[in-house]
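# Geometric and topological summary
As a plain string of letters, each chain reads:
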There are 2 protein chains.
Amino acid sequence: MALEHAILVSLMEQPGSGYELARRFDRSIGRFWTATHQQIYRVLRRMEADGWIAVELIAQDGRPDKKVYSAAEPGRRALSAWLREPVEPETVRHELAVKIRAAAFDDPAALVSEVERHREQHAALLARYLAGERRDFPDPAALDAREQLQHVVLRGGIEYERMTLAWLDDVLATLHRLANRPSNPGTS
Amino acid sequence: MALEHAILVSLMEQPGSGYELARRFDRSIGRFWTATHQQIYRVLRRMEADGWIAVELIAQDGRPDKKVYSAAEPGRRALSAWLREPVEPETVRHELAVKIRAAAFDDPAALVSEVERHREQHAALLARYLAGERRDFPDPAALDAREQLQHVVLRGGIEYERMTLAWLDDVLATLHRLANRPSNPGTS
DNA sequence: CCCTCCATGTAAATTGTTACATGATTCA
DNA sequence: TGAATCATGTAACAATTTACATGGAGGG
């Protein structure tokens, strides 16, 4: 499990409430680890019980109270130990690929609009990443260690999106080829 | 949920037992959808109850009986309907990226061997994909619809591995740069 | 007045993982 | 004899998702 560790990293970069963490997981961290607020609240309580994080209750005017969490020493040690453990291989879940293979038993043309939709989403994400890179890392030579590591993770996201866009174009070309000369029963 | 659909696709490509499906999920399908045999047995029973698939009990000499499943008409219709539904975005889980960001609060050099291990695994996987491509798709001009779709999914896997290898080299270069001139407290 | 944001949670259902269990066959 | 493969499962647990619930603030 790594949700604990993802939360710890986020809290070490910047303390915050469960709600704020949930929003970070929608943005930057969500690029490589997703979590809903329900998961986050539950894990935060466990982490607090284990002494990994400390809480500070902050009363706000007009707003509900806020529990601001920050990484405690046992949490830092746990993170350090986890860093030295080997990671198990990522379990992949690529639904679109399943659909592409399923299209062989149906009309491949029915997938075109879906693939185009994905293509647009990935293009938009790439644009966001590139904008974020220009904003946060304008001068790559002047970055400290933390920023350099954040930057290399972002570059991974950028290259992933570029690769995916190129592949989706390949998929679209294949689907169009199949639609033009169907060697399948069904159409026409 | 798409495990049902991944199983359906596999059964339409070729009927088989739960055990055989589990092995396919270890190999080809596992590239974009993983599942253990326990999950597969559970889902197969549900799919059979729903009439999506048909079973044929096959007695074998020396071996336990085999339940060979094949896609039934309601299953085909369900697959066809699913194909036309939009897919929800993939939930990403990239533990190594979490570790890279965590390394900012620890010794970045401690990650080098782990990243190198990942690099080797991805290099080996790429080699397997390329070998599979040469074996299964030696003449791309002579493929039927099903093979063309399988091939484009495989190309996606190949490009993903190439991209990942290049990125891991980038990560290693970054880690080495940080180890040589550490702007972090801790080392020396 | 309705919607979104802030902020936290409970409950239920589904999915996924890990461990255990059985029993025959084949290969070294 | 011991390990791996074939073949199917149960049980317990952990993780994730989805739905529901509350309640004030601020904007249109």
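Residues numbered from 1 in each chain as written. Chains lettered and ligands numbered in written order. Predicted model: local features only at pLDDT ≥ 70, side-chain atom pairs only at ≥ 80, totals over all residues. Heavy atoms only, no water.

### Description of the protein's contact with DNA strand D
Quick note on the threshold: Nearness is defined per residue: one heavy atom within 4 Å of the molecule or strand is enough. Side-chain atoms alone can form a polar contact between residues adjacent in sequence; in general such a contact is a pair of N or O atoms within 3.5 Å, and within protein one must be able to donate a hydrogen while the other accepts it. Numbered from the N terminus, helices here are DSSP runs of H or I no shorter than four residues, and strands are runs of E no shorter than two.
Neighbouring DNA strand D are 24 residues; A:Q38, A:R42, B:Y19, B:K67 and B:R93 lie closest to it. Backbone atoms, meaning sugar and phosphate, form 62% of the atoms of DNA strand D found within 4 Å of the protein. Within the side chain of B:R45, one N or O atom sits 3.2 Å away from a phosphate oxygen of DNA strand D. The side chain of B:K67 places a nitrogen or oxygen atom 2.5 Å from a phosphate oxygen of DNA strand D. Counting residues per element, the ones that place at least two in the surface near DNA strand D are α3 (37-49) of chain A together with α2 (18-26), α3 (37-49) and β2 (66-71) of chain B.

### Description of the UniProt feature "domain: Transcription regulator PadR N-terminal" (unreviewed entry) in chain A
Using the following cut-off: UniProt positions are given in the numbering used here, feature names are shortened, and annotations may be inferred rather than shown by experiment.
Look at the UniProt record and you will see "domain: Transcription regulator PadR N-terminal" (unreviewed entry) annotated at residues 7-80 of chain A. Taken as a whole, residues 7-80 of chain A contains 50% helix and 16% strand, while its terminal C-alpha atoms sit 14 Å from one another.

### A closer look at empty space enclosed by the protein
Heads up, the rule is: Cavities and pockets are defined on a 1 Å grid built over the protein atoms alone: a cavity is a set of grid points where a 1.4 Å probe fits but cannot escape, while a pocket is an open set with protein on both sides within 12 Å along at least five of seven lines, and lining residues are those with an atom within 4 Å of any such point. Grid points are joined across faces, edges and corners, and a volume is the space filled by probe spheres set on the points. The residue classification treats Ala, Val, Leu, Ile, Met, Phe, Trp, Tyr, Cys and Pro as nonpolar and Asp, Glu, Lys and Arg as charged. All others, Gly included, are polar.
Per the stated rule, a full pass over the model turns up 2 cavities of 30 Å³ or more. Here the largest cavity is characterised by a volume of approximately 50 Å³. Along its surface, the largest cavity is lined by A:A6, A:V9, A:S10, A:E13, A:I29, A:F32, B:V98 and B:R101. The leading source of residues in the lining of the largest cavity is helix α1 (residues 3-13) of chain A, at 4 residues. When its residues are assigned to classes, the lining of the largest cavity shows 5 nonpolar, 1 polar and 2 charged. Its volume calculated, the second largest cavity comes out at about 30 Å³. Every residue along the wall of the second largest cavity is listed here: A:V98, A:R101, B:A6, B:V9, B:I29 and B:F32. Those elements giving two or more residues to the lining of the second largest cavity turn out to be α5 (95-102) of chain A together with α1 (3-13) of chain B. Looking at the lining of the second largest cavity residue by residue, the class counts come to 5 nonpolar, no polar and 1 charged.

### Describing the UniProt feature "domain: Transcription regulator PadR C-terminal" (unreviewed entry) in chain A
Within this numbering scheme, the UniProt entry marks residues 92-175 of chain A as carrying the feature "domain: Transcription regulator PadR C-terminal" (unreviewed entry). Strand forms 0% of residues 92-175 of chain A and helix 76%; the C-alpha atoms that close the span are 24 Å apart.

### Describing the relation of the copies chain B and chain A
Two chain copies here: they are related by a rotation about an axis and a translation along the same axis. Counted only if it meets this: The atoms used to superpose the copies are C-alpha atoms, taken from residues with pLDDT of at least 70 in both, and the fit is least squares. Contacts were defined at the residue level, with two residues in contact if any of their heavy atoms lie within 4.5 Å.
Rotating chain B by 180° and moving it 0.0 Å along the rotation axis overlays it on chain A with an RMSD of 0.1 Å. Within this description, the copies of the chain are treated as partners about a two-fold rotation axis. A share of 100% of the interface residues of chain B reappears at the interface of chain A, consistent with the copies meeting face to face through the same patch.

### Examining the confidence of the model for chain A
The cut-off we apply is this: As a per-residue measure, pLDDT reflects the predictor's confidence and takes values from 0 up to 100.
Here chain A averages 91 in pLDDT, and 95% of its residues register 70 or above. For the stretch residues 184-188 of chain A, pLDDT sits under 50, and the model shows 5 contacts to residues farther than four places along the chain or on other chains.

### Looking at the interface of chain B and chain A
By a frequent convention, interface size equals the accessible area lost on bringing the separate parts together. Rules: Put simply, buried area is the surface a 1.4 Å probe can reach on two separate parts but cannot reach once they are joined, added for both. Salt bridges are defined as contacts in which a side-chain nitrogen from Lys or Arg sits within 4 Å of a carboxyl oxygen from Asp or Glu.
Contacts between chain B and chain A engage 66 residues on the former and 66 residues on the latter. For the chain B and chain A pair, buried surface summed over both sides reaches about 6600 Å², with 64% attributable to carbon and sulfur atoms. At the junction of chain B and chain A, the tally comes to 6 salt bridges. Salt-bridge contacts for A:D170 lead to B:R155; the nearest nitrogen and oxygen are separated by 2.7 Å. Taken together, chain B and chain A are joined by 30 residue pairs in polar contact (both at pLDDT 80 or more). Secondary structure elements with two or more residues in the side of chain B that touches chain A: α1, α4 (73-83), α5 (95-102), α6 (112-136) and α7 (145-180) of chain B.

### Points about the packing of helix α7 (residues 145-180) of chain A against α5(B)
Note the following rule: Axis definition: a line fitted to C-alpha atoms, over the contacting stretch in the case of helices. Angles run 0 to 180 degrees between N-to-C directions. Orientation is classified from the angle alone, with under 35 degrees giving roughly parallel, over 145 giving roughly antiparallel, 65 to 115 giving roughly perpendicular, and any other angle giving oblique. Two helices crossing with the near one rotated counterclockwise from the far one by less than a right angle form a left-handed crossing, whereas a clockwise rotation gives a right-handed crossing.
α5(B) packs onto α7(A) with a crossing angle of 160° between their chain directions and a minimal axis gap of 8 Å. Regarding the angle of α7(A) to α5(B), the classification is roughly antiparallel. In this structure, the crossing between α7(A) and α5(B) has a hand that is right-handed. In this structure, α7(A) contributes A:L149, A:Q150, A:V152 and A:V153 to the contact, and α5(B) contributes B:A97, B:I100 and B:R101.

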